[in-house]
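# Coordinates in review
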Amino acid sequence: MSLLDDWGESLGGIWDSAVEGGGNWVDAWMQNEADNVASSAPEENRTPQHEEPAKQPTGQPIHNQGGLSSNTTLMLLGGGMLVLMVFMMFMLRGK
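Reading the values: the criteria
Residues numbered from 1 in each chain as written. Predicted model: local features only at pLDDT ≥ 70, side-chain atom pairs only at ≥ 80, totals over all residues. Heavy atoms only, no water. Helix = DSSP H or I, 4+ residues; strand = E, 2+ residues; numbered from the N terminus. Areas by Shrake-Rupley, 256 points an atom, 1.4 Å probe, with all protein chains shown as cover. Buried < 20%, exposed > 50% of the residue type's maximum accessible area, 1.4 Å probe, protein only. pLDDT = per-residue confidence, 0-100. Patch = residues over 30% accessible without salt bridge, like charges linked within 9 Å, V, L, I, M, F, W, Y side chains within 5 Å. Salt bridge = Lys/Arg side-chain N within 4 Å of Asp/Glu carboxyl O.

### A look at the overall build of the protein
Across its full length, the protein holds three helices and zero strands. In the protein, the succession of α and β elements from N to C terminus is α-α-α. Carbon together with sulfur atoms contributes 64% to the accessible area of the protein, which is approximately 9,000 Å² in total.

### Structural notes on the environment of histidine 63
As for its position among the elements, histidine 63 is in the loop between α2 (42–45) and α3 (71–93). Residue histidine 63 is classed as exposed on the basis of its relative accessible area of 64%. Spatially, the C-alpha atom of histidine 63 lies 8.9 Å from that of proline 53, the residues being ten residues apart in sequence.

### As for the confidence of the model for the protein
On average, residues of the protein score 78 in pLDDT, and 79% of them reach the 70 mark or higher. Element-level mean pLDDT values for the protein span from 68 in α2 up to 90 in α3.

### A few points about a nonpolar patch on the surface
Where nonpolar side chains cluster on the molecular surface, the patch consists of Met81, Leu84, Met85, Phe87, Met88 and Met91 and spans about 650 Å² of accessible area. On the secondary structure map, methionine 85 appears in helix α3.

Written as structure tokens, this is what we have:
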């Protein structure tokens, strides 16, 4: 009888360890799934509208040329220089 008792205790211990480990695994899996669901909230993971780069209607990003390459900047600088030159011409002519 002692042999059966030893086997029973060993198998019972193995069973208890397996059930406890399986329960811990299921708990960890459920916690991981809950964390994934909580972190998938779009309002938390989306970049704010004011921080998004400019895009065309097709979704392609608009690359910033920067510097003096934009037409508006060049027109403003050219117009300012023209007004300054005309002003200087009238100033020098008036002498």
